[in-house]
Amino acid sequence: LPHTTVSSNVWLLSSENMYSKMKITNIPLTILTFSFLLSSTLSSQSEPTPPTVCIIGSGIGGSSVAHFLRTYSNPSHLHQIRIFERHGVVGGRMATVSISGETFEAGASILHPKNYHALNYTKLLNLKVNEPSSSSFSLGIWDGHKFLFKTLYSNSKLPFIQQIVSAANSILMFVRYGFSLFKMNNFVEGTVDSFLKYYESFESRPVFESVEEMLKWAGLFNLTTRTLQEELVDAGLSYVLIQELVT
Ligand SMILES: Cc1cc2nc3c(=O)[nH]c(=O)nc-3n(C[C@H](O)[C@H](O)[C@H](O)COP(=O)(O)OP(=O)(O)OC[C@H]3O[C@@H](n4cnc5c(N)ncnc54)[C@H](O)[C@@H]3O)c2cc1C
């Protein structure tokens, strides 16, 4: 927009100069021509065409940009928003697939409660949050051929049955993995806490020149220089859990 205004001013200036030179020869035609040019230039200056914004990709990123642009832009400053998406559906890597009536994760399907931006976004859009039901699903580790481990499952609605199943699952997991699941939880929580620094210090946070600098600031850089296996060994997880988790 500033660029458009500057070039319009330049055009106006030069047309006035030309007008003063040319009126000596053919006054009526010159006046007519330059009145037209002047009026069209003035009208284009007073009513600049608002720009069209093009967004590549309709994942949560592109869709949010479109939503916030539309919500917070002055309509006279924004003509149109166009989203280009190479697939036939919106959502990008936020996806689930249904197979035989069961829903499987094919991308993001869970919001971590500390993912503040995404969580606020769901509130802003009045989306209904589906709380996970801890009692009515089974967890398993699949190696591509068979389940290496699977928790017990009961579809009984009776609370005491669910409590028994839940207690049995805790015992099963403890026998197989010992304290490794707690250690893994600590490892994940620690990593999430480091990541949260980006949310917490909006005002005091530096401006980063590179991704490397950004990761070092939050203490996450070392994670990118080592394998997950090395990290989990350092976190004290058992050999069995590491072998089953890291593929
Ligand atoms: C298996 C898996 C599980 C995940 N689980 C979780 C989870 O539980 N919770 C969580 O918070 N996050 C999860 N994530 C991460 C989350 O999915 C992504 O961080 C998030 O969806 C990225 O959104 P985005 O809009 O940045 O990119 P994307 O979702 O990748 O969107 C990019 C879009 O752009 C389109 N596109 C790309 N190039 C072009 C082009 N040239 N022309 C036209 N269109 C183009 C793509 O088709 C796509 O639709 C998971 C990711 C995966 C893969």
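The rules behind the values
- Residues numbered from 1 in each chain as written.
- Predicted model: local features only at pLDDT ≥ 70, side-chain atom pairs only at ≥ 80, totals over all residues.
- Heavy atoms only, no water.
- Phe/Tyr/Trp six-rings, centres within 6.5 Å; stacked < 30°, edge-to-face > 60°.
- Helix = DSSP H or I, 4+ residues; strand = E, 2+ residues; numbered from the N terminus.
- Buried < 20%, exposed > 50% of the residue type's maximum accessible area, 1.4 Å probe, protein only.
- Lys NZ or Arg CZ within 6 Å of the ring centre and 35° of its normal.
- Axes fitted to C-alpha atoms, helices over the stretch in contact; angles between N-to-C directions.
- Parallel < 35°, antiparallel > 145°, perpendicular 65-115°, else oblique.
- Contact = heavy atoms within 4.5 Å.
- Nonpolar A, V, L, I, M, F, W, Y, C, P; charged D, E, K, R; others polar.
- Near = heavy atom within 4 Å.
- Polar contact = N/O pair within 3.5 Å; in protein donor to acceptor, adjacent residues only side chain to side chain.
- Areas by Shrake-Rupley, 256 points an atom, 1.4 Å probe, with all protein chains shown as cover.
- Salt bridge = Lys/Arg side-chain N within 4 Å of Asp/Glu carboxyl O.
- Patch = residues over 30% accessible without salt bridge, like charges linked within 9 Å, V, L, I, M, F, W, Y side chains within 5 Å.
- pLDDT = per-residue confidence, 0-100.

1. A few points about the packing of aromatic side chains
Scanning the model with the defined rule gives twelve aromatic pairs in all. Considering the side-chain rings of Phe149 and Tyr177, the 5.5 Å spacing of their centres and the 80° angle between planes classify their relative orientation as edge-to-face. Taken together, the residues span a long stretch of sequence, with Phe149 in strand 6 (residues 147–150) and Tyr177 in helix 5 (residues 159–177) at a distance of 28 residues. Looking at Phe149, the relative accessible area reads 11%, which means it is buried. According to the relative accessible area criterion, Tyr177 is buried, its value standing at 4%. Put simply, the rings of Tyr116, Phe195, Tyr198, Tyr199, Phe208 and Trp217 pair up and form one aromatic cluster. When the ring centre of Phe147 is taken as origin, the NZ or CZ atom of Lys150, which lies over that ring, is 4.8 Å away. The ring centre of Phe221 lies 4.7 Å from the NZ or CZ of Lys216, which sits over that ring.

2. Things to note about the packing of helix 6 (residues 180–200) against helix 7 (residues 211–218)
Running from N to C, helix 6 and helix 7 point in directions that differ by 110°, and their axes come no closer than 8 Å. Between helix 6 and helix 7, the crossing angle belongs to the class labelled roughly perpendicular. Contacts from Ser194, Lys197 and Tyr198 in helix 6 reach Met214, Leu215, Trp217 and Ala218 in helix 7. A per-class count over the contact of helix 6 with helix 7 returns five nonpolar, one polar and one charged.

3. What about the site of the ligand?
The full set close to the ligand counts 20 residues, and Gly57, Gly61, Glu85, Arg93 and Ile110 are the nearest of them. One of the side-chain N or O atoms of Glu85 is found 2.7 Å from an oxygen atom in the ligand. Arg93 has a polar backbone atom sitting 2.7 Å from an oxygen atom of the ligand. In isolation the ligand has 1,000 Å² of accessible area, and contact with the protein removes 60% of it. Of the residues in the shell around the ligand, the class split is six nonpolar, ten polar and four charged.

4. Remarks on the pattern of salt bridges
Scanning the model with the defined rule gives seven salt bridges in all. Between Glu212 and Lys216 there is a salt bridge, and its shortest N-O distance comes to 2.8 Å. On the criterion of helical spacing, the pair formed by Glu212 and Lys216 is a turn pair, its members being four residues apart in helix 7. For Glu212, a relative accessible area of 40% translates into the label partly exposed. Residue classification places Lys216 among the partly exposed positions, given a relative accessible area of 47%. A salt bridge links Arg226 to Asp234; the nearest nitrogen and oxygen atoms lie 3.0 Å apart. Using a relative accessible area of 55% as the deciding quantity, one classes Asp234 as exposed. In this structure, a network of salt bridges that share partners links the residues Lys114, Glu189 and Asp193.

5. Describing a nonpolar patch on the surface
Judged by side-chain polarity, Phe68, Tyr72, Leu124, Leu125 and Leu127 come together as a nonpolar surface patch covering roughly 500 Å² of accessible area. Among the secondary structure elements, Leu125 is positioned in the loop between helix 4 (116–124) and strand 5 (140–142).

6. A look at the environment of Leu228
Positionally, Leu228 belongs in helix 8 (residues 228–234). Counting along the chain gives 19 residues from Leu228 to Thr247, while the straight-line C-alpha distance between them is 9.7 Å. The contact partners of Leu228, leaving out residues within four places of it in the chain, are Phe187 and Val246.

7. Some remarks on the confidence of the model for the protein
In the predicted model, the protein carries a mean pLDDT of 79, and the fraction of residues at 70 or more is 79%. Per-residue pLDDT stays below 50 along residues 1–34; that stretch engages in 19 contacts with residues further than four places along the chain or on separate chains.

8. Section: the environment of Phe179
Secondary-structure assignment places Phe179 in the loop between helix 5 and helix 6. Of the residues examined, Phe179 reaches a relative accessible area of 53% and is grouped as exposed. Taking C-alpha positions, Phe179 is 8.3 Å from Ser238, a pair spaced 59 residues apart along the chain.

9. Here we look at the environment of Glu131
Tracing the backbone shows Glu131 in the loop between helix 4 and strand 5. For Glu131, a relative accessible area of 63% gives the class exposed. Taking C-alpha positions, Glu131 is 9.7 Å from Ile110, a pair spaced 21 residues apart along the chain.

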